[in-house]
Amino acid sequence: MRNLLFIFLFLNTILVQANYILIPMDHDNQQNHLKAYGITYWALSQDIKVQWLLNYQGGSFLLPDANHIKKECQIRGVSFITLSEAEHQNIINDIASPSQNMEVVLLEKAPKIAVYTPSGKMPWDDAVTLVLTYAEIPFTPVYDTEVLKDDLLLYDWLHLHHEDFTGQYGKFFSAYRNAPWYIEQKKQAEALAATLGYEKVSDAKLAVAKKIRDFVVGGGFMFAMCSATDSFDIALSADNVDICEPMFDGDPSSPNYQAQIDYSKTFAFKDYILERNPNKYEFSDIDMTEQRRILPDTDYFTLMEYSAKWDPIPTMLCQNHTQLIKGFMGQTTAYKSELVKANVLVMGKNTQNDEARYIHGTKGKGMFTFYGGHDPEDYQHRVGDAPTLLDLHPNSPGYRLILNNILFPAAKKKPQKT
C-alpha cells in the first residue's frame, strides 16, 4: 500500500511539473526585452526550437522547460515564467481562436549574421552592432573585400552599417573636409578601391551594392538604417551615371545626371530628386530631416497593425510592447511617404509629418527592411558623441524593432494562404 502511495505521488508530481518556459515580452513582465532576444537566439544555436507567440504579451517566446535555459535567463537578467502543460495548452488554444489576432510561429535555426562595416568601427558607431553585442548575439563583420568575393553566400542575414554607397563619403565634405578622420577615411577608401581594381570609390561601392542586391534577390535578408538605406538605392539607380562632384572623385559629374536615374533598379524608393550641392549634408529629397518641424518631446511614430494569422511577416517585424515608438534622428531620419514604392510596406509612420520610418519589401526571393534614423535611444547622435549605454535602456521599443529582424529569418516558412 505504501509503495502504491509513493507511485501515485511521484506520478502526480510529474503531471504538475512545468513543461514550458514562457519569456514574456509585454511592458510589465519583462525586465530586459533586449537580452530576451539574445536568449532566444542562444536557444536556437543550441538546436532548441522556440515558438514565437505573435501579439501574445508583446510577442512572447515559448521554450521547452530545461534547467540550463532557466539558468541562462537568470545569468542574463531575463524574466521568465514556468508553465504546466495545461497552462501551455490554454495559451495555445487562446492564440488559435479566430477572434484573436495572434499566431504561433516556429523558430527553427539561428540565422548566420553578417554586418557590413569597415574595420576599426566601435560597436557604438552603429545601433545594430551595439544591440547585437549587448544582446550577446554573434555576428561576423564583412566589408568590400568579403562582399566582392561572394562571402555573403555564407550568411542568412546582412546589416548595412551607416555607409554611403554613392562614393560621396557621407556628404561630410562641407563640415569635416579638414578633419583628420575625414582625410584618413577618404585615403583608406581610395586605397581599398584601388586594391580591389577600381579607379574610383564610387565604382567600388556600386559593385558592392550590386553584390548585396544579388544576395537579397537570391533569398537573403537585408536590414539597413540611416544613410545606408537611401544611398544604397541611389547607387543602384545611378549605375553607369557619375553623380559625384570633383572633390569626391576627381572629375566632373555627368551632365544632367538626374534625367538618367533609373528608379526601376531600386528596392524601395522612386521619383526622388538628387541633391547636387556637394556642400549639403543630404543625398536626395527622400529624407525628411530638413523638412521636419517636430519637437523632440512630440516626435513619435506608430507601428501599423497586421493580421497575425494572414500577414505573419510584418506582424513579426512589428512585435513590441507598445505601438508608439519614440522618434530619433540621423543623416537619413525618415522617408517622404510619396517616394516609397507602392509595393513596399510602411510598417511605421509619423502621420503628423506624413513620413515613413520603418519599411519592408521583397526583392526576388529575399526581403529587406529599412529603418530611418541613427540610434533609437540617442535623439540626435553627432560625430564624436559618447556611446549609448544599453544597460540604461534594456526595454527600448526602438531597439526591439532591430532585433525582430534578427529573428525573422529563423521562422519556419509556411505556404502562402489564399
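Notes on the structure in this doc start here. Each chain has its residues counted from 1, following the order in which its sequence is written. Restriction of local features to residues with pLDDT of at least 70 applies here, the model being predicted, together with a cutoff of 80 or more for giving and counting side-chain atom pairs; totals for whole chains, interfaces and linings are based on all residues. The basis for every side-chain value is the complete set of heavy atoms in the structure, and neither hydrogens nor water enter the calculation.

**Regarding the side chain of K35**
Going by this rule: The secondary structure listing takes helices from DSSP runs of H or I that are at least 4 residues long and strands from runs of E that are at least 2 residues long, numbered from the N terminus. When accessible area is computed with a 1.4 Å probe and restricted to protein chains, residues below 20% of their type maximum are described as buried, those above 50% as exposed, and intermediate ones as partly exposed. Note on definitions: a residue-residue contact is assigned when non-hydrogen atoms from the two residues lie within 4.5 Å.
Within the secondary structure, K35 sits in helix α2 (residues 33–45). Using a relative accessible area of 12% as the deciding quantity, one classes K35 as buried. The residues contacting K35, other than those within four sequence positions of it, are R76, V78, Y134 and E136.

**Points about the pattern of salt bridges**
What counts here: Put simply, a salt bridge is a Lys or Arg side-chain nitrogen that is within 4 Å of an Asp or Glu carboxyl oxygen.
The tally for this structure, following the rule as stated, stands at 20 salt bridges. Residues K70 and D65 are paired through a salt bridge, measuring 3.3 Å at the closest nitrogen-oxygen approach. A residue is classified by how much of its surface remains accessible, and K70, at 18% relative accessible area, is buried. Ionic pairing is found between D239 and K265, a salt bridge with its closest N-O pair at 3.7 Å. Of this pair, D239 sits in the loop between α10 (227–237) and α11 (246–249) while K265 is found in the loop between α11 and β10 (300–303), placing the two residues 26 residues apart along the sequence. Connected through salt bridges with shared partners, the residues K200, D242, D249 and D251 form a single ionic network.

**Side note on the sheet that holds strand β3 (residues 60–64)**
Short version of the rule: Here the rule is simple: two strands pair whenever DSSP picks up at least two bridges between them. Fitted lines through C-alpha atoms serve as axes, helices being fitted only where they are in contact, and the angles separating the N-to-C directions of these axes extend from 0 to 180 degrees.
Pairing in this open sheet of five strands is antiparallel, and the strands run β4-β1-β3-β2-β5 from one edge to the other. Only two strands of the sheet have a single neighbouring strand rather than two, namely β4 (81–83) and β5 (103–107). Neighbour to neighbour, the strand axes of the sheet diverge by 30° on average, direction disregarded.

**A short note on the pairing of strand β9 (residues 221–225)**
Of all five residues making up β9, five are buried, and the element is well covered by its neighbours. The side-chain alternation of β9 yields two buried faces, one formed by F221, F223 and M225 and the other by M222 and A224. Pairing between β9 and strand β15 (residues 366–371): five bridges, direction parallel. Among the inter-strand pairings, M222 is bridged to a residue of β15, identified as F368.

**A few points about unusual backbone geometry**
Positive phi, normally seen in glycine, also occurs at E136, with a value near 65°. Checked against the element boundaries, E136 lands in the loop between α5 (127–135) and β7 (140–142). On the basis of relative accessible area, E136 is assigned to the partly exposed category, the value being 42%. Positive phi, normally seen in glycine, also occurs at N256, with a value near 50°. Along the chain, N256 turns up in the loop between α11 and β10. Overall, the relative accessible area of 54% leaves N256 in the exposed class.

**Here's the deal with the nonpolar core**
Keep this limit in mind: Residues enter a nonpolar core if they are buried and are Ala, Val, Leu, Ile, Met, Phe, Trp, Tyr or Cys, with the set joined through side-chain atoms within 4.5 Å.
Counting 62 residues, the largest nonpolar core has I23, F61, L107, M225, Y371 and I402 as its most contacted members. The element best represented in this core is α2, accounting for eight residues. With 42 residues, the next largest nonpolar core counts Y116, V142, F165 and F232 among its residues.

**A look at the side chain of T40**
By the element assignment, T40 lies in helix α2. The exposure class of T40 is buried, given its relative accessible area of 0%. With residues near it in sequence (within four places) discarded, T40 still touches V50, F61, L107 and L407.

**Re helix α4 (residues 85–96)**
To keep it simple, the criterion reads: Multiply 1.5 Å by the residue count of a helix minus one, and that product is the helix's expected span. Picture the helix axis, draw a direction to every C-beta atom, and the arc is the one those directions span.
Between its terminal C-alpha atoms α4 stretches 16 Å, which fits the 16 Å expected from 12 residues at 1.5 Å a residue. Buried residues of α4: H88, I91, I92 and I95, and no others. The buried side chains of α4 occupy one side of the element, clustering within an arc of 95° when seen end-on. Looking at the buried positions of α4, the neighbouring elements they touch are β1 (20–23), β2 (50–54), β3, β4 and β5.

**Quick word on the pairing of strand β13 (residues 345–350)**
Pairing between β10 and β13: two bridges, direction antiparallel. Each residue of the ladder has a partner; that of T302, found in β13, is K349. In this sheet, strand β14 (residues 355–363) lies alongside β13 in antiparallel orientation, the contact comprising five bridges. Within β14, the residue paired with G348 across the bridge is Y358. The hairpin turn running from β13 into β14, its antiparallel successor, is four residues long, and D354 in that turn takes a positive phi close to 50°.

**Observations concerning the environment of T82**
Along the chain, T82 turns up in strand β4. Expressed as a C-alpha distance, the spacing of T82 and N19, which sit 63 residues apart in the sequence, is 7.4 Å.

**Some thoughts on the packing of α5 against helix α13 (residues 397–407)**
Stated formally: Any angle that is under 35 degrees is reported as roughly parallel, and any over 145 degrees as roughly antiparallel; angles of 65 to 115 degrees are reported as roughly perpendicular and all others as oblique. Ten residues, namely Ala, Val, Leu, Ile, Met, Phe, Trp, Tyr, Cys and Pro, are considered nonpolar, four, namely Asp, Glu, Lys and Arg, are considered charged, and the remaining ones, Gly among them, are considered polar.
Look at α5 against α13: their axes get within 10 Å of each other, and the N-to-C directions meet at 75°. Overall, the two elements α5 and α13 adopt an arrangement that is roughly perpendicular. Along its contact with α5, which presents A127, V128, L130, V131 and L132, the element α13 presents Y399, I402, L403 and I406. Looking at the contact of α5 with α13 residue by residue, the classes come out as nine nonpolar, no polar and no charged.

**Examining empty space enclosed by the protein**
As a reminder of what qualifies: With a 1 Å grid spanning the protein atoms alone, the term cavity applies to any set of points in which a 1.4 Å probe fits but cannot get out, the term pocket to an open set with protein on both sides within 12 Å along at least five of seven lines, and the term lining residue to any residue with an atom within 4 Å of a point. Grid points are joined across faces, edges and corners, and a volume is the space filled by probe spheres set on the points.
Applying the stated criterion across every chain, the model contains two cavities of 30 Å³ or more. Quantified by volume, the largest cavity comes out at close to 50 Å³. Here the lining of the largest cavity is composed, by residue class, of five nonpolar, one polar and one charged. Put simply, the second largest cavity is a space of about 40 Å³. As for the second largest cavity, its lining consists of W157, F221, M222, H360, M367, F368, T369, N405 and F408. For the lining of the second largest cavity, the per-class residue count stands at six nonpolar, three polar and no charged.

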